[in-house]
Amino acid sequence: GIVELDGAGPIMISALTTSTTTLTATFSEDINGGTVNGTGSEFTVGGATVTAASKTAVGVVTLTYAPALGTGAAPLVTFTNIGTFTDLNGVEAPTPQSKTAVDGVAPTIVSITSTTANGSYNEADLAVNITITFSEAITSAGGVTVNLDTTGSCTTGALLNSATGTCDYVIADGQSSTGLNDTS
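About the criteria used
Residues numbered from 1 in each chain as written. Predicted model: local features only at pLDDT ≥ 70, side-chain atom pairs only at ≥ 80, totals over all residues. Heavy atoms only, no water. Helix = DSSP H or I, 4+ residues; strand = E, 2+ residues; numbered from the N terminus. Rg over C-alpha atoms; globule rule 2.2 N^0.38 Å. Contact = heavy atoms within 4.5 Å. Areas by Shrake-Rupley, 256 points an atom, 1.4 Å probe, with all protein chains shown as cover. Core = buried A, V, L, I, M, F, W, Y, C linked by side-chain atoms within 4.5 Å. Buried < 20%, exposed > 50% of the residue type's maximum accessible area, 1.4 Å probe, protein only.

(A) Representation of the overall build of the protein. Within the protein one finds 0 helices and 12 strands. Counting from the amino terminus, helix and strand elements in the protein follow one another as β-β-β-β-β-β-β-β-β-β-β-β. Radius of gyration (C-alpha) of the protein: 24 Å, far over the 16 Å computed for a compact globule of 184 residues. Summarising its shape, the C-alpha atoms of the protein cover approximately 85 × 35 × 25 Å along the three principal directions. The contacts in the protein between residues at least 6 apart in sequence include a share of 57% that link residues at least 24 apart. Summed over its atoms, the accessible surface of the protein is roughly 9700 Å², and 54% of this surface lies on carbon and sulfur atoms.

Shown next, in the form of C-alpha cells:
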C-alpha cells in the first residue's frame, strides 16, 4: 500500500490556565515529547516567566510559570520554535504562534467580613450581615451559599460579573460560634 506522511507541523490550537502557575497548550497533532525544551524557553506567557515545559498528554504541553497569575487570568501564550519542536514524523512546528489562554481556574473566596459588630447574638436579634469577596468577578444566577461554623448558612442574591456578594445570616435556635467563620 501507499504510505502518506503528514508534511504539516503541529499548530497550537488552544491554551487553558489550569492553576495560577500552570497552563496547557494544545496542538493540532501529537508532538514528540523529547523535542520539548524542558526549560520552556520556546514559550512566553504574558505577565509571567515560563520556568518549565513538558508533554503531558497527546498533543498537550504543560507550562509552569512564575509569578502566579490571578484566578481570572487569560494571558497571551506565544510559542517560538527554536528548531527542535516536532510532531511524531519529525516535522517542525511553524513559528511564531500565539493564543490567548482561556481562564480555567475556579474563583476562590478571598475574605468574608461583616458590618455587624462583634458580640453575642441570639435568634431574636437582627440578622448578621456578611460580605464575601472573591478572587475574580463571578456570575451566579442562583447566588452563592456560604456554610458557616454554626451549622447555619446564608446565600447571596444573584451575582452578575461581581467580585463581592452580600447575604444576611439569620441565627437559628442552638447555633453558636466564638467567631463566625465559613466552612465552605
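(B) Representation of the nonpolar core in the model. Core analysis: the largest hydrophobic core is formed by 22 residues, its most contacted members being Phe-27, Phe-43, Val-45, Val-61, Leu-63, Val-77 and Phe-85. When residues of this core are traced back to their parent elements, those giving at least two are β1 (12-17), β2 (22-27), β3 (43-45), β4 (49-57), β5 (60-66) and β6 (76-79). Grouped together as the second largest cluster of nonpolar side chains are 13 residues, Phe-134, Val-144, Tyr-169 and Ile-171 included.

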